[in-house]
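# Breakdown of the fold
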Amino acid sequence: MERRDDGDELVGSVDHHDSAEEPGSPPLAREHSGSPQQEEPATMNRNSSYLPVPGDENNLDVDFENTKPRSNESIPMKNLYSDDGSPLRLGPFFSDGRRRVDYVLTYQIQKPGGIRRQSSKFSGDNFIRRLRRSLSSRSSRAPLQPKEDPEIAAQEQRSDYHEDDKRFKRDEFEEKLLETGLELERDERTKIPGIGFLKIHAPWNVLCREAEFMKLKMPTKKVYEVKQGSNVVEKIRLFIHKVTAPLHPNVDGNRPQNVKSLSHPFSREKQHLFDLSDRDKFFDSRTRSSIVYEVVKRTKCTKTKYSMGITSLLASGVYTAAYPLHDGDIEGVNTESNDRKLLYEEWASYSVFYKYQPIGLIRKYFGEKVGLYFAWLGVYTQMLIPAAIVGVIVFLYGCATVDDNIPSMEICDPRNNITMCPLCDRACSYWKLVTACGTARASHLFDNPATVFFSIFMALWAVLFMEHWKRRQMRLNYIWDLTGFGEEEEDHNRAEYDLLLRQKEMRLENSGKKVEKVKVTCNDRLPAYLTTVVMMSFMILLTFVIVFGVILYRISIKAALHMSTYPAARSNIRATVKTTAAIINLIVIIILDEIYAAIARWLTTLEVPKTEKSFEERLIFKTFILKFVNAFTPIVYLAFFRGRLVGRPGNYLYVVGSYRMEECAHAGCLMELCIQLCITMLGKQLIQNNLFEVGIPKLKKLLRRRKSTLDSKQEEALNKTLLPHEKDHILGPFVGLSPEYMEMIIQFGMVTLFVASFPLAPLFALLNNIIEIRLDAKKFVMELRRPIACKAKDIGIWYNLLRGLSKVAVIVNAFVISFTSDFIPRLVYQYMYSPDGSMHGFVNHTLSYFNVSDFQPGTAPLQPFHLGYKVDVCRYKDYREPPSSNTPYELSKEFWAVLSARLAFVVVFQNVVMLMSDFVDWLIPDIPKDISLQIHKEKILMVELFMKEEQGKRLAARDHHNQDNSAASHSPLQPRSRPVSHANCS
């Protein structure tokens with residue numbers, strides 16, 4: 001096959017000519033004549049013969065004169081540029097200005113000869129000229145010319161071989177596409193060096209055929225009125241809709257809201273049911289690109305060693321990218337109105353942050369899968385508003401009652417003069433409880449009776465959110481005509497799976513075994529499964545090791561600060577250690593998140609899932625497990641393990657030699673848990689979700705600009721002259737919705753799992769999501785190539801993860817309230833041990849006594865007189881017997897009473913909240929009543945439509961029959977039958 005390296009080709013029709021007179025026949029079958037500047041019309045032959053390209057040039061004795069194409073079918077190619085080099089038409093169209101570009105494939109093209117050698121030493125006139133020079137040099141007696149470096153020549157020859165192999169695969173693939181009826185056009189004279197474009201257009205007959213094959217639901221001429229529900233819930237919904245009318249985007253003001261077209265799967269036999277008055281608009285750009293993608297996806301190269309589809313061709317570099325085009329430009333004075341521009345103005349702009357999202361337009365432009373994601377994100381953000389309001393009220397309640405909190409007042413009272421035991425061995429000395437006054441007051445902001453109410457509220461909130469989303473999802477399914485869309489839709493095999501099948505089949509053939517149908521079994525995937533289990537276990541263990549390393553950091557830095565001679569370092573040791581450790585944890589979480597995401601994808605690729613859906617679900621599960629463990633391990637340690645594996649003075653627990661396990665502050669570990677959760681949540685949202693999404697694209701753009709030789713004005717002028725397919729090629733590729741969902745799922749875990757320790761979490765999540773929606777919108781509209789419109793009727797595995805997190809959140813919050821906070825010990829003291837039923841004396845009740853003479857050798861403070869007097873007895877937080885008891889330092893009966901109350905609270909809280917959640921779930925139907933009625937009405941109308949059509953056909957047939965009979969009765973001279981006419985003629 002011959003093509004011009006600097007030319008453009010139009011592939012649309014097939015002409016039949018005599019091969020001997022064909023001006024576009026391959027150069028291998030004719031002599032080259034004319035000046036080098038003179039070009040002949042380039043052609044692409046559909047069934048040309050291709051010569052094998054060997055690895056060396058030892059055998060040059062080939063009869064090239066007899067090499068002819070196997071067929072005389074050729075496809076004429078038209079230049080896309082006028083004589084002055086300017087494009088014939090700007091816009092997403094072919095060179096004729098009429099046929100729309102529905103899909104684009106890009107590929108590498110060879111650079112000019114001055115930069116790189118010609119693509120193939122065995123193609124075109126260049127090869128014949130080199131062959132003649134080689135033959136003449138053999139026959140002449142002239143001295144040999146200096147040869148080029150053989151290593152460089154071998155490298156270039158291998159590169160040429162690979163380029164020819166890619167070209168061969170491209171040619172076959174494009175021939176297959178032509179056979180399906182698609183129309184193709186090449187553009188290799190682009191302003192993007194080294195990139196060629198194959199533009200694909202689907203004509204009307206292909207669109208109709210594929211729409212029928214894909215069972216696409218299209219709107220019919222039948223229109224009916226959508227009646228609103230009359231129950232109380234629907235009236236409230238309509239009232240809210242009217243009140244919030246100014247918050248709705250201005251995208252479909254001309255379309256009546258109470259009218260809907262009846263949709264039916266497209267059929268060529270029933271085209272009269274559909275409004276085909278404007279064929280150019282019947283299939284919109286989203287539908288056209290999805291149809292072409294389905295055709296491209298199932299087209300295979302069969303002449304290669306293995307059957308290769310578009311996925312394999314992209315993976316092997318035969319094509320470098322595949323994408324549909326955006327509808328048009330966004331900026332510019334003369335920019336025509338299009339859906340992309342409307343999305344930018346009404347969705348991707350920060351000035352409309354207070355408005356609802358145009359979900360219908362998002363679905364129309366990007367497809368149902370993307371539309372469902374942003375609909376879910378909108379519902380989640382909307383539901384965060386009441387949670388954030390209640391969380392702020394709980395926090396303000398803590399602020400208002402902090403001065404009335406008796407336990408913190410007792411801690412802050414210097415008259416109590418309570419001496420506490422050292423926080424570390426030797427370096428730390430005795431300290432006064434009054435120095436923990438600030439921590440105790442701050443802990444009350446998050447550890448108060450309102451926290452229990454808020455935990456119950458958030459558990460019910462999670463259930464209401466899930467139910468609200470299910471109803472919203474069903475309403476969208478009805479509006480988007482997805483009620484008949486099922487999971488039985490065809491899902492093509494992945495290229496890697498087909499390759500594995502082919503390799504297994506070849507192994508069986510070589511071994512002499514005959515198998516009718518080859519399948520990939522668990523034994524074939526066993527090494528991959530073992531690798532996954534080992535790697536996942538190793539990475540989870542690595543997370544635990546890193547968290548343990550941060551624990552050792554906290555222990556050592558606390559001892560170092562106690563030994564410091566600087567007053568500033570010794571002034572606020574607890575706050576310094578907590579904050580720096582939380583920041584280290586945040587940095588580690590962000591780094592490991594990126595590493596774990598790459599490893600999860602690698603492990604999923606090893607397993608070779610059969611379909612893209614299976615691949616996506618396995619990848620999501622692995623990524624979620626790793627990222628969840630990575631984000632929540634430090635938080636789980638602070639909530640449930642810190643301060644419980646300590647021991648007691650004189651018998652502390654040590655790890656890694658002399659590292660003494662750390663204790664909680666007197667007010668509990670809830671404050672430290674709050675700090676860790678706050679820094680992790682805000683840091684992940686600010687750095688990982690927002691800063692990375694904004695900063696990385698800008699950094700890439702800056703690096704690209706620095707590498708470019710053009711200044712900013714020249715680059716801007718160049719961008720204005722780029723064609724639509726060139727502009728879209730510069731944009732980033734769409735990598736799927738999994739990263740977007742994942743960051744929201746982790747945030748949902750932060751909001752629900754440990755909300756008892758951080759009531760402000762819903763507020764920060766709400767503020768983040770308001771920005772996140774507009775960031776994602778701007779990224780989808782301006783910075784990413786347009787994704788293929790994929791159909792989906794739900795959010796898939798993400799709903800199961802959300803439901804699982806909401807169930808786990810109830811148990812986690814029950815344990816946080818019971819074991820991490822002091823809520824249960826306060827209740828037990830108030831109703832069992834308080835002499836007057838108040839909280840006076842609670843602090844003294846929770847402190848045990850320790851005789852300093854019982855310190856183990858080498859663990860007593862180096863400065864025992866740090867407080868100015870000799871200490872004989874110090875206090876520590878625990879329920880243990882005093883030194884004078886018959887069982888000194890053993891757990892007291894108060895400990896067992898508190899533990900029993902804590903366990904009882906967990907059981908009661910969990911069952912009560914679960915029961916309330918299930919009741920709410922049962923109370924709210926999954927499908928809104930008005931939607932179920934409308935779906936039933938649609939079915940009735942569809943039956944009536946077809947019955948009316950059949951009745952019309954019968955009437956038409958009867959009328960036609962009556963007309964025939966009438967015509968026969970009014971024509972007596974016309975013979976009834978041929979025999980009678982013969983008789984009359986005789």
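Rules used in this analysis
- The written sequence of each chain sets the order in which its residues are numbered from 1.
- Only residues with pLDDT of at least 70 get local features here, since the model is predicted, and only at 80 or more are side-chain atom pairs given and counted; chain-wide, interface and lining totals rely on the full set of residues.
- Side-chain measures were taken over the full set of non-hydrogen atoms in the model, leaving aside hydrogen atoms and water.
- Secondary structure is summarised from DSSP: a helix means a run of H or I of at least four residues, a strand means a run of E of at least two, and numbering begins at the N terminus for each.
- Buried, partly exposed and exposed residues are distinguished by accessible area as a fraction of the type maximum, computed with a 1.4 Å probe on protein chains only: under 20%, between the cut-offs, and over 50%, respectively.
- Residue contacts are defined here by distance: any two heavy atoms, one from each residue, within 4.5 Å place the two residues in contact.
- Where accessible areas are quoted, they stem from the Shrake-Rupley method and a 1.4 Å probe; at the residue level, only the protein chains shown are allowed to cover.
- A pair is scored as a salt bridge if a Lys or Arg side-chain nitrogen falls within 4 Å of a carboxyl oxygen belonging to Asp or Glu.
- Lines fitted to the C-alpha atoms define the axes, with helices restricted to the stretch that makes contact. Angles between their N-to-C directions range from 0 to 180 degrees.
- For classification, angles of less than 35 degrees are called roughly parallel, those exceeding 145 degrees roughly antiparallel, those between 65 and 115 degrees roughly perpendicular, and all remaining angles oblique.
- Confidence scores here are pLDDT values: one per residue, from the predictor, ranging 0 to 100.
- A 3.5 Å cut-off defines polar contacts: any pair of N or O atoms within that distance qualifies, except that in protein one atom must be a possible hydrogen donor and the other a possible acceptor, and neighbouring residues in sequence count only when both atoms are side-chain atoms.
- By disulfide we mean two sulfur atoms from cysteines, separated by a distance within 2.5 Å.
- What makes a patch is a set of residues exposed beyond 30% relative accessible area and free of salt bridges, joined within 9 Å when like-charged and within 5 Å when nonpolar (Val, Leu, Ile, Met, Phe, Trp, Tyr).
- The criterion is simple. A nonpolar core is a set of buried Ala, Val, Leu, Ile, Met, Phe, Trp, Tyr and Cys residues joined through side-chain atoms within 4.5 Å.
- Here the rule is simple: two strands pair whenever DSSP picks up at least two bridges between them.

Counting secondary structure elements, the protein chain contains 29 helices and 18 strands. Residue burial in the protein chain is summarised as follows: out of 986 residues, 48% are buried. Considering only residue pairs separated by 6 or more positions, the protein chain has 80% of its internal contacts joining residues 24 or more positions apart. Element-wise, carbon and sulfur atoms account for 58% of the exposed surface of the protein chain, whose accessible area totals about 50,900 Å².

This part covers the pattern of salt bridges. Two side chains of opposite charge can pair, provided their charged atoms sit close to one another. Considering all chains together, one arrives at 42 salt bridges under this definition. The salt bridge partner of Asp 921 is Lys 470, with a shortest N-O separation of 3.9 Å. Here the residue Asp 921 occupies a position in helix H27 (residues 893-923), and Lys 470 occupies one in helix H13 (residues 449-479), the gap between them amounting to 451 residues. One exposure class covers both Asp 921 and Lys 470, and it is buried. Of the charged contacts in the structure, one is a salt bridge between Arg 554 and Glu 662, with a shortest N-O distance of 3.1 Å. Of this pair, Arg 554 sits in helix H15 (residues 522-563) while Glu 662 sits in the loop between strand S16 (659-660) and helix H19 (670-707), and the two are 108 residues apart along the sequence. One connected set of salt bridges, linked through shared partners, spans Asp 284, Arg 286, Arg 363, Glu 368 and Lys 791.

Further remarks concern the packing of helix H3 (residues 204-214) against helix H6 (residues 285-298). Close contact between H3 and H6 brings their axes to 10 Å; oriented N to C, the two are set at 80°. As the angle between them shows, H3 and H6 are arranged roughly perpendicular. Of the residues in H6, those in contact with Leu 207, Glu 210, Ala 211, Phe 213 and Met 214 of H3 are Arg 288, Ser 290, Ile 291, Glu 294, Val 295 and Arg 298.

A few words now on the environment of Val 547. With respect to the helices and strands, the residue Val 547 is situated in helix H15. Taking the relative accessible area as the measure of exposure, Val 547 reaches 10% and is therefore buried. Not counting chain neighbours up to four residues away, the residues in contact with Val 547 comprise Thr 633 and Pro 634.

Here we take up the confidence of the model for the protein chain. With 78% of its residues at a pLDDT of 70 or more, the protein chain has an overall mean of 77. Element-level mean pLDDT values for the protein chain span from 36 in strand S4 (residues 73-76) up to 93 in helix H10 (residues 368-401). Contacts of residues 1-90 to residues separated by more than four positions or lying in other chains number 178 contacts, the stretch itself having pLDDT below 50. Within the model, pLDDT remains below 50 along residues 113-155, and this stretch shows 47 contacts once partners closer than five positions in the same chain are excluded.

Attention now moves to the side chain of Arg 554. Taking relative accessible area as the criterion, Arg 554 reaches 5% and is therefore assigned buried. For Arg 554, the side chain forms a polar contact with the side chain of Glu 662, separated by 3.1 Å.

Locating Asp 498 in the fold gives a position in helix H14 (residues 495-510). Distance in space between the C-alpha atoms of Asp 498 and Lys 610 is 8.3 Å, their sequence separation being 112 residues. If sequence neighbours within four positions are ignored, Asp 498 has contacts with Lys 300 and Asn 493.

Let us now look at the state of the cysteines. Counted according to the given criterion, the structure contains three disulfides. A sulfur-sulfur distance of 1.6 Å marks the disulfide that ties Cys 424 to Cys 428. One quick way to see it: the torsion about the S-S bond of Cys 424 and Cys 428 is about 95°, and its sign makes the bridge right-handed. A single burial state applies to Cys 424 and to Cys 428, both of which are buried.

Turning to a nonpolar patch on the surface, a few remarks are in order. A cluster of nonpolar side chains, namely Val 232, Ile 236, Phe 239, Ile 240 and Val 243, defines an oily patch on the protein surface of about 510 Å² accessible area. Position of Ile 240 relative to the elements: it lies in helix H4 (residues 232-243).

Moving on, we get to the nonpolar core. Counting residues in each nonpolar core, the largest one holds 108 residues, and the members touching the most others are Trp 376, Tyr 380 and Phe 754. Sorting elements by how many residues they give to this core places H10 first, with 16 residues. Counting 45 residues, the second largest nonpolar core, distinct from the first, contains Leu 262, Phe 266, Ile 788 and Met 942.

We now examine the pairing of strand S5 (residues 103-108). Within S5, five of the six residues are buried, which leaves the element mostly enclosed by the surrounding structure. For S5 and strand S7 (residues 195-201), the ladder comprises six bridges, and the chain directions are antiparallel. Bridging from a neighbouring strand, Tyr 107 pairs with Gly 196 of S7. Pairing analysis gives three bridges linking S5 to strand S10 (residues 321-323), with the strands arranged antiparallel. Paired with Thr 106 across the strands is Ala 321, a residue of S10.

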